[in-house]
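Now for the letters of each chain:
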Amino acid sequence: MSNSVPVISAAHFASAFALRPHLFAWFLGAGASAASGIPTGYAMIRDFKKKIFCREAGYSLREVDSGDELWIERIDDFFRRTSLLPPDGNPNEYLAAFEAVFPNEKQRRQYIDDAISKGTPCFGHRVLAAMMSSKQLSCVFTTNFDPLVEESATLGNSLLSVESRTKPTVAALDSADRALRCLDESDWPLVAKLHGDYQSIKIKNTGSELERQDERMRHVLVEACKRFGLVVVGYSGRDASVMEALESVLKDPNPYPSGLYWVTSSATRLLPAVQQLLKHAALAGVDVAIIEAKTFDELAADIVNQIRLPDVLIEHVMQRRAPVRLQPVKLPEAEARTFPIVRYSALLVEELPCVARRMTLKKTATSPEVRQLLKDHKCRAVVAATGRELAVFGNDAEVVAALRDLGAQPAGIAELDPIRDSWALGLLYDALVKALSRHRPLLPRYKRSGHSLVVAGPREGEDAEWARKREAQLAPLRSAYEANLTGLVPKLGYPYQEGVFLKLERIEDRWWCGFEPFTFVDVPREQLAVKAPENRDELGCPAFSRGGDPAGDWRRERWAKKFNKHWAGIINAWAVLLTSAPDNEVRAFGFEDGKGVDAAFSISPVTGWSRPSHHHNYFERTK
């Protein structure tokens, strides 16, 4: 933000506010009701995205946990690869998602009604209501549908004598005339619901509905901002109609006479429309400030410490105040337990290849084009193309022969920097998968959404010695699963194979090979929906536009009884299988030196573990 818009603390604001609280109106957005148990706009976006994701990818809502980081990543990746919604963070994201899930106004009203039924007034609502009841607050504007402000006012008034009570007038879209009367007659207090009430026949919550503000409610908002200062809490500024109305106040000779204050957890999170409004207000001579407060309740706590309220209202309000976060505690004197310790399905990659063969081409080619030529000539190399240059792991002579049409020629070495260059990271990722499958009964699968390894099942006419070796290598894995690693899905007859998704990630300045066990099922192509015959979901399985994954129930049933003990055994068996190599080094090809550049990885056989709050000799182990 510009230096012309100061940033102040909630305590600083509360001191000034307490001098003349009746000179301010309040504007509440969805964030003000978050502590009341009502979903915020962000939480609703996540819920809408989950519903759309399940509908498009063929999952049931029961099997997708939108609060799980893994599912969040998969859902976000799905929307990054589609154009179903505006980009993440776009002001229209909520509106588009709501309308995509519930195109019918009645359905949207029912959804809002269900969400609001979970809410109870928070500490901040009680403070505002107490100011209303004590005639220190004239009007509250809100884009929320919930009745929390008026419910809090009713509770507060019930504690006062009849002659001291001040009942607020509540006006929504279908009762805007009430708001006009309050404005014309200065009959305060007023609670004005700009987008409607949960009991209203009409509500505003989609793009087309929010393009224009109700003229009567807009008039009340604008005129009130010419009489009072405005404190905005929990509002993002995504509604163009509301922001336009707040901007129009600045055309008046005396806009926001007591100031304009915008409350946010961090000044850096304000949307451009909000920043523009505050800058324009400052230029118009309005006292403007950004108030940094983590929550509505924390702001209210600073305010209630400064204003004067009747004792009965103070006692009522403080019953809902959250306990102090920082409290003295007695430190434990007993030695911390060494277990349980969380084991991660991730292997430390101690050393990565730092160079590959550099080759030049006589004409430009893409990585997919080069890989197809290599495949056609049965050349087992790993490549990344950057214009007329290649970075290659593989036999030089074989690659040159396979890419004869492109005029490929060795030209020294290519330095690899996977942190800076995405093509280098992709090259190493491909090479790692190939290296981990070499000399093991595992088959690599390369997908745009992520690579994987699956268990190689028996083949007709295979060498007996290889069959015995495969069985011996897979014995610990089969014991951990307590089931066959390959076979046919009962009743469906689709082939399945146990396997792992692989990731190459850099975390805290170290490279890790993450592996996620999964049961892969090969569904025949003809079973795929007509809508997306070649589409695969983010799990590498066929994506069904309707009807879901036919093997989904069987897969869930297969994993349902695998608890922590089973998971620990499965993770250990995979870790042993993937790292069983001399000196913990795996190579993608293993050819003799001088024939090309091989991809060699040094991988620790010890998986990642969580670390307790103290050191222990356990973490010094090497085996």
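Residues numbered from 1 in each chain as written. Predicted model: local features only at pLDDT ≥ 70, side-chain atom pairs only at ≥ 80, totals over all residues. Heavy atoms only, no water.

Chemist: With reference to specific residues and values, describe the sheet that holds strand β2 (residues 24-28).
Modeler: Through backbone hydrogen bonds, the strands of a sheet pair up, either in parallel or in antiparallel fashion. Pairing is parallel in the open sheet, where 8 strands are placed in the order β1-β8-β7-β6-β2-β3-β5-β4. Of all strands in the sheet, those with a lone pairing partner are β1 (7-9) and β4 (169-171), marking the two edges. Across the sheet, the axes of successive neighbouring strands diverge by a mean angle of 20 degrees, strand direction being ignored. By the bridge criterion, 3 bridges tie β4 to strand β5 (residues 190-193) in an arrangement that is parallel. (Pairing = 2+ DSSP bridges. Helix = DSSP H or I, 4+ residues; strand = E, 2+ residues; numbered from the N terminus. Axes fitted to C-alpha atoms, helices over the stretch in contact; angles between N-to-C directions.)

Chemist: Can you explain helix α2 (residues 41-57)? Please cite residues and give values.
Modeler: Between its first and last C-alpha atoms α2 spans 24 Å; for 17 residues at 1.5 Å apiece the expected length is 24 Å, and the two agree. Looking only at α2, the buried set comprises M44, I45, R46, D47, F48, K49, K50, I52, F53, C54 and A57. Looking at the residues trailing α2, positive phi occurs at G58, about 85 degrees. (Expected span 1.5 Å × (residues − 1). Buried < 20%, exposed > 50% of the residue type's maximum accessible area, 1.4 Å probe, protein only.)

Chemist: Could you give an account of the environment of W554, with specific residues and numbers?
Modeler: Considering the arrangement of structural elements, one finds W554 in helix α19 (residues 552-560). Counting along the chain gives 62 residues from W554 to L492, while the straight-line C-alpha distance between them is 9.7 Å. Every residue in contact with W554, bar those within four places of it in the chain, is listed here: V489, P490, Y496, T519 and V521. (Contact = heavy atoms within 4.5 Å.)

Chemist: So, the pattern of salt bridges: which residues are in play, and what are the values?
Modeler: Close approach of charged atoms allows side chains of opposite charge to pair. Inspection of every chain in the model, using the stated rule, returns 29 salt bridges. The shortest N-O distance in the salt bridge between D76 and R46 comes to 2.8 Å. Taken together, the positions of D76 in helix α3 (residues 69-80) and R46 in helix α2 put the pair 30 residues apart, joining distant regions of the chain. Here R357 makes a salt bridge to D396, at a shortest N to O gap of 3.0 Å. Separated by 39 residues along the polypeptide, R357 in strand β10 (residues 355-360) and D396 in helix α16 (residues 396-402) bring together distant segments of the chain. For R357, a relative accessible area of 16% gives the class buried. Put simply, E462, R470, E471 and R478 are held in one network by salt bridges that share partners. (Salt bridge = Lys/Arg side-chain N within 4 Å of Asp/Glu carboxyl O.)

Chemist: Help me get a handle on the pairing of strand β9 (residues 343-351), residues and values and all.
Modeler: Along a regular strand, successive side chains alternate from one face of the sheet to the other. Bridge analysis of β9 against strand β21 (residues 600-609) gives 4 bridges, and the strand direction is antiparallel. Considered in β21, the bridge of L347 is made with T607. Where β9 meets strand β18 (residues 510-521), 4 bridges bridge the pair, whose relative direction is antiparallel. Residue pairing in the sheet places L347 in a bridge with C513 of β18.

Chemist: Hey, could you go over the packing of aromatic side chains for me, with residue numbers and the actual values?
Modeler: In the structure shown here, the tally under the stated rule is 24 aromatic pairs. Residues F78 and F79 carry aromatic rings whose centres are separated by 5.2 Å and whose planes lie at 85 degrees to one another, so their mutual orientation is edge-to-face. Since its relative accessible area comes to 11%, F78 is described here as buried. Ring centres of F501 and F520 lie 5.0 Å apart, and the angle between their planes is 50 degrees; this geometry places the pair in the tilted category. With a gap of 19 residues between them, F501 in strand β17 (residues 495-507) and F520 in strand β18 connect regions that are remote in the sequence. (Phe/Tyr/Trp six-rings, centres within 6.5 Å; stacked < 30°, edge-to-face > 60°.)

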